[in-house]
Amino acid sequence: MPDRPVYLDYAATTPTDPRVVEAMLPYFTEVFGNPNSLYTLGREAMRAHEDARERVAASIGAGRPDEVIFTSGGTESDNTAIIGLATVGGRSSGHLVVSAFEHHAVLDPASWLCTRGFEITELKPRANGVIHPDDLAAAMRDDTVLVSVMHGNNEIGTLQPLAELAVVAHERGALLHTDAAQTVGKVPFDVRALGVDAATLTGHKFYAPKGTGALYVREGLPLMPYLMGGGQERKRRSGTQNVAGSVALATALELMDAERAEEAPRLAALRDRIASFILATVTDVRVNGADAPERLPHIVNLAFSGVSGEDILLRLDHAGFEVATGSACQSGSPEPSYVLLAIGCPRDLALGAVRVSLGRYTTEEDIERFLPALVDVVTHLRRWNA
Ligand SMILES: Cc1ncc(COP(=O)(O)O)c(C=O)c1O
């Protein structure tokens with residue numbers, strides 16, 4: 001067993017890049033002033049925060065820096081977008097459309113709105129893991145106020161045709177929010193080219209620390225603030241700004257942008273190597289999301305029949321490899337992932353699914369060591385279960 005486990009769960013979180021840590025350090029100890037203070041130290045901190053806002057806005061193609069609101073991450077950005085856009089102006093009813101395989105940070109506030117007078121349609125992706133614009137068009141109603149479809153799915157890595165979905169939403173007078181937590185930095189993401197009205201970013205998926213993030217809200221769109229208090233972030237998100245965090249977010253994003261042309265094909269090749277090796281070596285296995293026209297380069301979801309994903313995870317952990325499973329264990333009996341069920345993955349296969357996700361520090365050698373270990377684990381468990 002290697003000294004340190006091989007980490008293959010970058011879609012869960014990433015280590016903070018040392019270059020990002022370096023960029024943050026002065027804002028803990030030297031330029032530590034409250035950015036709302038009017039004296040020099042406060043103004044310096046505010047300058048760094050506003051500079052970070054400009055850099056994030058430039059990276060995502062926003063027309064103006066103040067379209068970017070710094071938040072504590074994906075969950076806060078999603079909650080703010082769903083509740084803040086739906087309830088703006090005191091609105092207490094209307095129709096929302098969300099895709100059925102959204103993260104719970106979108107599904108749960110949407111369900112909460114349902115208990116407060118809104119109605120919701122959960123839009124199923126097709127078997128290839130993609131939300132089809134025709135299906136969205138069929139789900140739209142005259143009173144639809146907001147559509148939320150994630151840019152890239154966190155379990156199967158399929159990318160959604162956001163530009164086409166935005167046209168459909170806008171034709172019916174609704175807004176389009178996208179949860180881009182898994183995609184920003186990893187594939188080109190330009191809010192104006194895609195035509196989205198709001199977008200969620202979270203730093204810990206792209207080598208900034210946990211607890212950093214942003215919400216893009218198109219210029220002029222009113223937003224009901226989710227956090228109220230001191231009126232920071234132009235009254236849209238109160239709370240003393242996390243200056244080191246916003247500097248980290250901007251720095252990490254710029255590094256992703258600078259390195260993507262080399263990094264994305266490198267990761268996609270490793271992803272494809274995993275899928276083709278497993279399909280050629282193991283029977284009764286399915287690669288979820290493989291038929292989508294566009295996919296994230298770093299996620300591969302493998303579903304094995306006759307075994308439990310959790311057993312695979314635990315045995316791989318013992319062998320020194322860290323992967324994820326989409327199933328949730330409730331009162332001792334694992335439930336298959338709702339994402340996999342939504343794309344029509346049979347229950348038996350969904351229960352045996354593992355997500356392997358790659359990143360900046362994954363090497364070819366890691367993958368060549370991982371593949372025989374995975375085959376061994378699955379073979380062993382199947383023999384055991386037979
Ligand atoms: C698609 C998606 N949305 C939202 C989140 C939540 O982000 P955070 O952990 O920053 O709250 C995650 C994280 O797992 C995610 O994958």
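Above this text sits the structure in question.
Residues numbered from 1 in each chain as written. Predicted model: local features only at pLDDT ≥ 70, side-chain atom pairs only at ≥ 80, totals over all residues. Heavy atoms only, no water.

Novice: I tried to follow the overall build of the protein on my own but got confused; where do I start?
Specialist: Looking only at helices and strands, the protein has 13 helices and 14 strands in total. Taken over C-alpha atoms, the radius of gyration comes to 21 Å for the protein, in line with the 21 Å a tight globule of 386 residues would show. Each principal axis of the C-alpha distribution contributes one length, and for the protein these read about 70 × 55 × 40 Å. The buried share of the protein, taken over its 386 residues, is 57%. In the protein, once contacts between residues fewer than 6 apart in sequence are set aside, the share between residues at least 24 apart is 75%. Accessible surface, the protein as shown: approximately 16100 Å² in total, 54% of it carbon and sulfur. Seen as two clouds, the 35 positive and the 49 negative side-chain charges of the protein have centres 2 Å apart. (Helix = DSSP H or I, 4+ residues; strand = E, 2+ residues; numbered from the N terminus. Rg over C-alpha atoms; globule rule 2.2 N^0.38 Å. Buried < 20%, exposed > 50% of the residue type's maximum accessible area, 1.4 Å probe, protein only. Contact = heavy atoms within 4.5 Å. Areas by Shrake-Rupley, 256 points an atom, 1.4 Å probe, with all protein chains shown as cover. Lys, Arg positive; Asp, Glu negative; His and termini not counted. Charge placed at Lys NZ, Arg CZ, Asp CG, Glu CD.)

Novice: Can you walk me through the site of the ligand in this structure?
Specialist: The immediate surroundings of the ligand are formed by 13 residues, with G74, T75, D179, T202 and K205 found nearest. One of the side-chain nitrogen or oxygen atoms of T75 is found 2.6 Å away from an oxygen atom of the ligand. Within the side chain of D179, an N or O atom sits 2.6 Å from a nitrogen atom of the ligand. Relative to its free-state accessible area of 390 Å², the ligand is covered by the protein chains to the extent of 84%. Counting residues per element, the shell around the ligand draws most heavily on helix 4 (residues 74-86), which supplies 3 residues. (Near = heavy atom within 4 Å. Polar contact = N/O pair within 3.5 Å; in protein donor to acceptor, adjacent residues only side chain to side chain.)

Novice: How should I be thinking about the sheet that holds strand 14 (residues 353-357) in this particular structure?
Specialist: Consider a sheet: its strands pair through backbone hydrogen bonds, and that pairing is either parallel or antiparallel. In space, the 3 strands of this open sheet follow the order 9-10-14, with antiparallel pairing throughout. A strand with exactly one partner marks an edge of an open sheet, and here the two such strands are strand 9 (285-288) and strand 14. In this sheet, neighbouring strand axes are inclined to one another by 25° on average, regardless of whether the strands run parallel or antiparallel. Bridge count between strand 10 (residues 299-304) and strand 14: 5 bridges; the pairing is antiparallel. Paired with N301 across the two strands is R355, which belongs to strand 14. (Pairing = 2+ DSSP bridges. Axes fitted to C-alpha atoms, helices over the stretch in contact; angles between N-to-C directions.)

Novice: In this structure, what is going on with the packing of helix 10 (residues 309-319) against helix 13 (residues 364-385)? I would like to understand it.
Specialist: When two helices pack together, their arrangement is given by the angle between their axes and by how far apart the axes lie. The N-to-C vectors of helix 10 and helix 13 enclose an angle of 130°; their axes lie 10 Å apart at closest approach. Here helix 13 runs oblique to helix 10, going by the angle between their axes. Considering how the two elements wind past one another, helix 10 and helix 13 form a crossing that is right-handed. Of the residues in helix 13, those in contact with D311, I312, R315 and L316 of helix 10 are F370, A373, L374, V377, V378, H380 and L381. (Parallel < 35°, antiparallel > 145°, perpendicular 65-115°, else oblique. Left-handed = near helix turned anticlockwise from the far one by under 90°.)

Novice: What should I look at first to understand the environment of L249 in this one?
Specialist: Inspection of the secondary structure puts L249 in helix 9 (residues 243-281). Given the relative accessible area of 0%, L249 is considered buried. In contact with L249, not counting residues within four places along its chain, are V56, F70, T202, G203, F206, A208, T212, G213 and A214.

Novice: Looking at this structure, how should I read the pairing of strand 10?
Specialist: Consecutive side chains along a regular strand alternate between the two faces of the sheet. For strand 10, the tally of buried residues reaches 6 of 6 residues, placing the bulk of the element in the interior. Of the two faces of strand 10, the one lined by I299, N301 and A303 and the one lined by V300, L302 and F304 are each fully buried. Inspection of the sheet shows strand 9 paired to strand 10 by 4 bridges, in the antiparallel sense. Bridge pairing in strand 10 links V287 to L302.

Novice: Would you mind going over the pairing of strand 7 (residues 198-202) with me for this structure?
Specialist: Among the 5 residues that make up strand 7, 5 are buried, leaving the element largely enclosed by the rest of the structure. Going residue by residue along strand 7, you find A198, T200 and T202 tucked away on one face and A199 and L201 tucked away on the opposite face as well. When strand 7 meets strand 8 (residues 213-217), the two strands line up antiparallel, connected through 5 bridges. When the sheet's bridge partners are listed, T200 is paired in strand 8 with L215.

Novice: Mind showing me how you'd approach the pattern of salt bridges here?
Specialist: Pairing of side chains with opposite charge becomes possible as their charged atoms draw close. Counted according to the given criterion, the structure contains 24 salt bridges. Here R53 makes a salt bridge to E50, at a shortest N to O gap of 2.8 Å. Separated by 3 residues within a single helix, R53 and E50 lie in helix 3 (residues 40-59), roughly one turn from each other. Overall, E50 belongs to the partly exposed group, its relative accessible area being 22%. The salt bridge involving R64 is made with E219; its shortest N-O contact spans 3.6 Å. Taken as a pair, R64 in the loop between helix 3 and strand 2 (68-71) and E219 in the loop between strand 8 and helix 9 lie far apart in primary sequence, 155 residues in all. The class for E219 is partly exposed, based on a relative accessible area of 45%. Overlapping salt bridges bring together D17, R19, E259 and R360 as one network. (Salt bridge = Lys/Arg side-chain N within 4 Å of Asp/Glu carboxyl O.)

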